[in-house]
Amino acid sequence: MKPVIVVHGGAGRIFKDREEGARSGVTRAAMKGYSILKQGGNALDAVEEAVTSMEDDPHFNAGCGSVLNEKGEVEMDAIIMDGKSLASGAVSAVKCIANPIKLARLVMEKTEHMLLTDHGANLFAKAMGVPEIPGEKLITERSRERWSKNLEPDSNPQEFKKDPGTVGAVAIDNEGNVACATSTGGLTNKLVGRVGDSACIGSGGYADNHVGAISTTGHGESMMKVVLARLILYHMEQGMSPMEAADTALNYMKTRVGGLGGVIVVSNSGDWAARFSTKQMSWATVKDDQLQYGIYTGEIHTSSVAEALESK
């Protein structure tokens with residue numbers, strides 16, 4: 001099996017001054033994940049590395065760069081899933097952790113549970129030796145500015161829900177194993193303790209070697225209502241291609257509950273798709289040593305991996 005990785009940096013509205021950062025961020029993440037796959041590494045390591053890269057990039061709403069809740073704090077959700085065993089690990093409402101996706105992986109591999117939340121997740125992180133960092137280190141000037149604006153009397157909270165909300169990755173490795181990973185800071189000015197789709201298996205992501213892997217992004221409550229990730233895999237099980245399944249599920253979510261979002265998909269045969277119903281979604285993929293990426297509908301830039309490495 002030829003390895004493939006697909007990543008997204010969130011579906012929503014990407015302002016012009018942030019487009020280049022979003023493009024470079026997703027291409028860098030895809031290249032890092034693909035490097036692991038190319039050397040014979042597994043899909044789980046690849047998606048974790050790709051998502052970690054975006055959690056460390058302030059252009060994205062995950063890790064450093066996460067949006068703030070109603071109290072001006074960062075609370076993050078993440079999930080990772082192994083398509084071979086259906087093992088999964090997730091964390092929700094975690095604070096003062098640089099890379100929630102790494103903590104989710106530890107939940108999957110070091111506990112008998114699938115989801116740890118808030119204080120319990122932070123206690124587990126401490127027990128695992130995961131370093132705690134000051135919450136302020138995760139807060140960017142932009143996140144604080146968006147939070148402040150939403151507190152103004154004439155603000156429109158719905159406008160802020162259009163901002164990109166999640167990062168994610170899906171991959172298939174040389175052995176034919178698939179995996180997914182998703183991480184987010186959630187919604188600007190969300191209620192304290194709010195958990196979206198990203199930590200919820202079947203909504204924020206799903207991976208099954210029998211079908212493929214999905215990572216989702218967009219309005220979390222809508223995705224949970226239709227269990228978006230698993231719905232896409234269901235359509236693929238019925239014979240649809242990744243693109244057809246993604247479009248069908250996104251259209252159903254829009255017509256049934258009025259929700260917008262985006263998804264990345266890789267099938268167990270190595271076919272992939274990056275689809276969205278929002279105005280934009282930053283995405284990138286590497287397959288057959290070829291990098292492709294875009295932000296707008298119909299936008300696809302292509303270069304060889306060698307060219308991309310040279311341009312760095």
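Note that the structure is predicted; figures quoted are calculated from it, not measured. (Residues numbered from 1 in each chain as written. Predicted model: local features only at pLDDT ≥ 70, side-chain atom pairs only at ≥ 80, totals over all residues. Heavy atoms only, no water.)

**Details of the sheet that holds strand 3 (residues 88-94)**
A sheet is described by the order of its strands in space; here 9 strands give the open sequence 4-3-2-6-5-1-11-12-13, paired in mixed fashion. Two strands bound the open sheet, and with one partner strand each, they are strand 4 (115-117) and strand 13 (301-304). In this sheet, neighbouring strand axes are inclined to one another by 10 degrees on average, regardless of whether the strands run parallel or antiparallel. Helix 4 (residues 118-127) rests against strand 3 and strand 4 of the sheet, and its axis sits at about 105 degrees to strand 4. (Pairing = 2+ DSSP bridges. Helix = DSSP H or I, 4+ residues; strand = E, 2+ residues; numbered from the N terminus. Axes fitted to C-alpha atoms, helices over the stretch in contact; angles between N-to-C directions. Contact = heavy atoms within 4.5 Å.)

**Digging into the side chain of Thr184**
Residue position: Thr184 is located in strand 6 (residues 178-184). Residue contacts for Thr184: discarding those within four places in its chain leaves Asn61, Ala62, Glu75, Met76, Asp77, Gly165, Thr166 and Ser198.

**As for the state of the cysteines**
If you walk through the whole model with that rule in mind, you get 0 disulfides. Here Cys180 is not cross-linked by a disulfide; its sulfur's nearest cysteine counterpart is in Cys200, at 13 Å. Overall, the relative accessible area of 0% leaves Cys180 in the buried class. For Cys200, a relative accessible area of 23% gives the class partly exposed. (Disulfide = S-S within 2.5 Å. Buried < 20%, exposed > 50% of the residue type's maximum accessible area, 1.4 Å probe, protein only.)

**Focus on a nonpolar patch on the surface**
Judged by side-chain polarity, Met114, Leu115 and Ile201 come together as a nonpolar surface patch covering roughly 250 Å² of accessible area. Along the chain, the position of Ile201 falls in the loop between strand 6 and strand 7 (205-208). (Patch = residues over 30% accessible without salt bridge, like charges linked within 9 Å, V, L, I, M, F, W, Y side chains within 5 Å. Areas by Shrake-Rupley, 256 points an atom, 1.4 Å probe, with all protein chains shown as cover. Salt bridge = Lys/Arg side-chain N within 4 Å of Asp/Glu carboxyl O.)

**Section: unusual backbone geometry**
Positive phi, normally seen in glycine, also occurs at Asp288, with a value near 55 degrees. Mapping Asp288 onto the fold places it in the loop between strand 11 (280-287) and strand 12 (290-296). Judged by its relative accessible area of 43%, Asp288 is partly exposed.

**Observations concerning the UniProt feature "active site" (unreviewed entry) in the protein**
Here the UniProt-annotated "active site" (unreviewed entry) positions come out as Thr166. Along the chain, the position of Thr166 falls in the loop between helix 6 (157-160) and strand 5 (167-172). Classification of Thr166 by relative accessible area gives buried; the value is 2%. (UniProt positions renumbered as here; feature names shortened; annotations may be inferred.)

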